[in-house]
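Given next are the chains, with one letter for each unit.
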Amino acid sequence: MGFIDRLRSRTGRRDREDRSERSRTDGQSEEPQTDGQRGELRTDGGSDVRTRGGLSRLKHSDAVQAVPFWLPPALLMGWFVYGAVGWNLLISLTDWSGLSQPDYTNLTLEMYTQMPNDPSFVAAFRNTVVLLVAFTVVSLVIGLVLAILVDQNIRFENTLRTIYLLPMALSFVVTAIFWSWMYNPSTGTINVVLSTIGLDFLTMDWIGDPRTRLAAIIFALTWQFSGYAMVVYLAGLRAIPDSHYEAAKVDGAGSLRMYWRVIVPQLSASTTSAAVVLMVFALKAFDFIFIMFGDNPGRSADILAVMMFRVAFSRTQWAYGAAVATILFLMALSVVAPYLYLQYKRGDL
Amino acid sequence: MARVTLDNVTKRYDDVVAVDDMNVEIEDGEFICLVGPSGCGKSTTMETIAGLTKPTEGTITVGETDVTNLPPKDRGVSMVFQNIALFPHMDVYENVSFGLRLRKYDKDEIDRRVEQAAEIVQLEGMLDREPTELSGGQQQRVAIARAIVREPAVFLMDEPLANLDAKLRVHMRTELQRLHKQLDTTIIYVTHDQAEAMTMSDRIAVINAGELQQIAPPLTCYNEPANRFVAGFIGSPSMNFVEGELTETGLVTDHFDLEFDVDGLDLETGSEVTMGVRPEDIYPAATAESLSSSSAVIDATTDVLEPMGDEIFVYLSLEDSQTATMTTEEASSASNQLLMSVDPDSTIEEDERVSVVLDRSKIHLFETRSGDALVHGIEDVTTAARGEATDRRAHAEIDSGGRSE
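Everything quoted here is computed from the prediction, not taken from an experiment.

### Topic: the overall build of chain A
Secondary structure summary: chain A contains 18 helices and zero strands in total. Per-residue burial over chain A gives 28% buried out of 349 residues. For chain A, the share of sequence-separated contacts (at least 6 apart) that also reach a separation of at least 24 residues comes to 64%.

Next up, the structure:
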C-alpha cells in the first residue's frame, strides 16, 4: 500500500481522481492490477524503485531530452558572449595597462571610482546619452510621419518605401564617408546648396565646429535610420483596421486628433520595438564616428564606444577600457532588459 | 431624429460603378435595411451617408441639411461597424465617451450620458473593463453604446451582427429592435442576410449591382417582388424559377403547362416568361383540396429530403432521369428541379413518384429578359381588370425606382 501511495503522490492529480473513482466503484479489487502495471514499468531492470524513479524522471524530463538542441548554442554563447563579458568585468577590476600581464590578485573598483573625475569620460557619457535620446526620438518622429504619409494609398508607395529604407542597408563606413563629403565646408553639398539659395549665413564647418559636430552626427544617423522606424510603423499602421479610422471620424475626430488619440496610441508596440533597435544602434555608432574622425573625435562628439576603443587599444589602458565597456554594456542592458521583460509579461517570449 | 434622402447618388471607382443613381427617401424614425449580396454597393451607399466616401454625383440630405460635402463629424450620424472597432487602448468608459470628450462636453454631462447609454445596452458595472476582457456580444453592446451616447439623428449599422455566432446574432436582433422602439431614431442597417432584413426592418431596400431593386415593407418584398432578383434574394430557401414561353392559353415550360388568361398581360404570345413559385406554395396533389385555385397536376420524382423539424424540404426532379444532387441554390435556378416544403408529418420518401400542384394565387411571372415582375398570382389575370391593376402596380414599383406605398 505504501508503494502505491508513493506512486500516486508523485504522479499527480489525475491519478488521485482515478483512485477515488476506483475506490468508489469497487474498492480494492482493481488496486493490485494497477499496482502490478506501475510496478512493472518502474522496476524495469532495477531493485531500488525509489532512486530508480527519480533518475528516470530526470532522464525523461524535457530539459534532459532536449540537450542536443540547447547545449551546443548554450556552450558557444556561454563561452564567447557571457564568458567574455565576465572576463571583461574581471579585467575592469584590475589595474592592467601597457604590455604586462593582468594581475588578478588585487581586485578593486578603482577604475570606476575615477570615472566621475575624468572630464573625458563625463563628456563621452553625456554625448552618448544625448545621441541616444535625440537620435531615437527624432528618428521615431520622422519615421512615424513618413509612415502615415506613405500609408495614404499614394502612388509609387513601394518605390518610396524602398527609397526611405535603402540608407539602412548601407554600411556605416559608406555613410560616414558620404556624410563627411556632404559636410565639407567648402565643397560639401550642404554648404553649396545653402549658398546657392542665398542662405550663406547658415553655412558653417558642420563637423569641424565643436558646437555643431554632435548635431551633424545625429542628423546623418537619423537620415540613415528613420526609414527603419518608418517600416516598423507602417507595419503597425497596416495592422489597425480601417474601421478604427472611420469610427474615429464618425465620432468627431479631425485627422490630427484621430491620429493623436486613436492611431498613435495603438502603435505603442511598434514604438517600443523600433526604439529598442534604434537605441542599440545609437550605442553602437562607433563605426560611423570612427570612420569620420578616427579614434579621437574631440570632446564635443566623443561617445563611450569610441572612448573605450581609444583608451584600450591606443593608450593600452586595458583596465580602464574594460570599465568603460562595462558601463556601455550596462547601458545597453538597461535599454533591452525592460523590453524583454515587457515581451515576457505579454507572453511573446 | 431626421429624414434621410438620397438623390441620384452615384459612386464610381475608376471604371467600376459601385452605386448607380440611387434614390431613397428614409422617413424619420424608420428602421430600414439595405440588403443585397456582397459587393452590391450597400456598404458604399452607407459610407456615402456617413460621409466616409464622397459620392461622385448626387446629394444626400439628413433632416433639412444637405450634408453631401460635410465631414462625418458634422452630419449628426453615428455608426456601428461590422468588426466592432472598439479602440483597444481605451476602456469601455473611454470608448463610449470618446465622441463626447472630443466635443468637449463637461464631465458631469459625459458621465450622465455614458451611464444612460450603458443602462440601455445593459452594460452597467462594466465601464472600467478593457475591450479585450469582454465577450463578442458585450463588445458589440459597447459599440452600440458608443453610437447612442451622442444622441445622433441617424444610426448607421454596417453588418453589426455578422461577426457574432448564430445564437447571439438572433438574440442581438431582438435587442436592436427593442432599442429602436426605445430610441425611436432613424436606423439604416446594412446586411447581406435577408432573414435579418425581414425580421427587423420597417422597409427593406434590396440592392443589386449598385442599383436599387425594390424598397418596400418586408412582406411586400416577399409577396410582391418587383423583379426576379428580389424574388430570388428574399426568402429562404429561395423561390423556384421555371423558364417558359407565353402562348395564347398560358405558359408552356419544358415539363408542365400553366393555363391562364393571357389578355391581362401586356406581352405578345411567344414572349419568354419565367414562372416563380415559393417552396411553400407547392403542395402534394393529395392535400391540395384546400386551395382555391390550384394548377394542373405536375408529375415529379422526389430526390433528396431535408427534414427541418417544422417542415421538410423536398427536392423534386421533373425529369425521369435522376439528376445529381443539387444544393438549394442550384435547385432553385435549375428549370428541371423544384423545391417543395411539406408538412413534417407527411409520409414522403426519397425517389418516389409524386404528383404536386402549385397554388395559382402565389405564382409570380417575370419577363425573362428584363427580369421585371409581370404579375403576382395568376388567378388574378383571369379577371382582366384586376390583372391590369396588379400589372400596373408591379411596373409602377420598378419605374419609380422602387418606391412603394
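### Here we look at the sheet that holds strand 4 (residues 57–62) of chain B
All names here are of chain B. Across the sheet, four strands lie side by side as 2-1-4-5; this open sheet has antiparallel pairing. The sheet is open, and its two edges are formed by strand 2 (16–26) and strand 5 (65–66), each paired on a single side. The pairing of strand 1 (residues 4–13) with strand 4 spans five bridges and is classified as antiparallel. Opposite Leu6, over in strand 4, you have Ile60 as the bridge partner. Contacts from helix 1 (residues 42–50) reach strand 1, strand 2 and strand 4 within the one sheet, and its direction differs from that of strand 2 by about 65 degrees.

### Re the UniProt feature "transmembrane region" (unreviewed entry) in chain A
Residues and elements named next belong to chain A. UniProt's feature table lists "transmembrane region" (unreviewed entry) at residues 67–90, 129–150, 162–182, 214–235, 263–283 and 318–341, given in the numbering used throughout. Helix makes up 100% of residues 67–90 and strand 0%. Its end C-alpha atoms lie 30 Å apart. Secondary structure within residues 129–150 divides into 100% helix and 0% strand; the distance between the first and last C-alpha atoms comes to 31 Å.

### A few points about helix 14 (residues 255–263) of chain A
All names here are of chain A. Every buried residue belonging to helix 14 is among Met258, Val262 and Ile263, and all of these are buried. Buried positions in helix 14, seen along its axis, are confined to an arc of 70 degrees and lie on one side of it. Among the exposed residues of helix 14, those oriented more than 90 degrees off its buried face are Leu256, Arg257 and Trp260. Lining the buried residues of helix 14 we find helix 13 (242–250).

### Quick notes on the interface of chain A and chain B
Bring the parts together and some accessible area is lost; that lost area is often taken as the interface size. Opposite the 14 residues of chain A that make contact, chain B presents 17 residues. Of all the secondary structure elements, the ones that give two or more residues to the side of chain A that touches chain B are helix 13 and helix 14 of chain A. Top contributing element to the side of chain A that touches chain B by residue count: helix 13 of chain A, with six residues. Of the residues assigned to the side of chain A that touches chain B, the class counts are six nonpolar, four polar and four charged.

Analysis parameters
Residues numbered from 1 in each chain as written. Chains lettered and ligands numbered in written order. Predicted model: local features only at pLDDT ≥ 70, side-chain atom pairs only at ≥ 80, totals over all residues. Helix = DSSP H or I, 4+ residues; strand = E, 2+ residues; numbered from the N terminus. Buried ≥ 20, exposed ≤ 12 C-beta atoms within 10 Å, placed from the backbone. Contact = placed C-beta atoms within 7 Å. Pairing = 2+ DSSP bridges. Axes fitted to C-alpha atoms, helices over the stretch in contact; angles between N-to-C directions. UniProt positions renumbered as here; feature names shortened; annotations may be inferred. Arc of directions from axis to C-beta. Nonpolar A, V, L, I, M, F, W, Y, C, P; charged D, E, K, R; others polar.

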